[in-house]
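Report on the structure
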Amino acid sequence: MPAVPSQPRPRPTYYRRWSPATLKVAAKSDQYSALPLHPHPALQAAVACLADALASARAADVQAVSQRIADGVCIGLGVSKLRVIVQERRPHDSRSELHGLYVPGNRGGLDQITLWMLTAKKGQVVAYRTFLRTLLHELCHHLDYTYLRLRDSPHTQGFYQRESSLFAALGAAQVATERR
């Protein structure tokens, strides 16, 4: 099942800083605005469970549910699974916090996503919507390599559109609204 092609749009100014090789990948990335995910009820149930797992403030619970979500998306799109690790407090420096990190497996290892569930400064549990979007963001890097077969995964307009398409396909906005 192919990804959904998008309509051409003017390029953002930050594309000017990219090398010709990255621009070539970006052009291909921007051709796809959505991924054809039709979530199974078990995947939708996992998405609904994420809010309660975050409310528990237990990293192991959040990791288990996040892994179910990642597995469901990968199975739904017919790509290899990856490992999800959830840690507690976000790493940070004086300018920013790290929310998530995707590391390709390379050399036959399993690809991996690391997420942090507590804010760096106050140590508060990250909001449901923010945490899920971070998971989907990192998962989109994996899908760029495994589903779209791009040789890199830059933050293009198409990349962010695909992230939003996954969020919508999973019914996550509905869960966020019901939790208020």
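This text follows the structure it describes.
My aim in this report is to walk through the structure given alongside it, one point at a time. (Residues numbered from 1 in each chain as written. Predicted model: local features only at pLDDT ≥ 70, side-chain atom pairs only at ≥ 80, totals over all residues. Heavy atoms only, no water.)

**Digging into the packing of helix H2 (residues 41-56) against helix H4 (residues 128-146)**
Where H2 contacts H4, the axes come no closer than 10 Å and their chain directions differ by 120 degrees. By the angle between their axes, H2 is oblique relative to H4. Pair H2 / H4 crosses with right-handed handedness. Touching Val47, Leu50, Ala51 and Leu54 of H2 are Tyr128, Phe131 and Leu132, all from H4. By residue class, the composition of the contact of H2 with H4 is seven nonpolar, no polar and no charged. (Axes fitted to C-alpha atoms, helices over the stretch in contact; angles between N-to-C directions. Helix = DSSP H or I, 4+ residues; strand = E, 2+ residues; numbered from the N terminus. Parallel < 35°, antiparallel > 145°, perpendicular 65-115°, else oblique. Left-handed = near helix turned anticlockwise from the far one by under 90°. Contact = heavy atoms within 4.5 Å. Nonpolar A, V, L, I, M, F, W, Y, C, P; charged D, E, K, R; others polar.)

**Points about unusual backbone geometry**
Its identity as a non-glycine residue notwithstanding, alanine 57 has a phi of 60 degrees, on the positive side. By the secondary structure assignment, alanine 57 is in the loop between H2 and helix H3 (59-77). According to the relative accessible area criterion, alanine 57 is partly exposed, its value standing at 40%. The residue arginine 149 is not glycine, and still its phi comes out positive at about 60 degrees. Here arginine 149 is to be found in the loop between H4 and helix H5 (157-169). (Buried < 20%, exposed > 50% of the residue type's maximum accessible area, 1.4 Å probe, protein only.)

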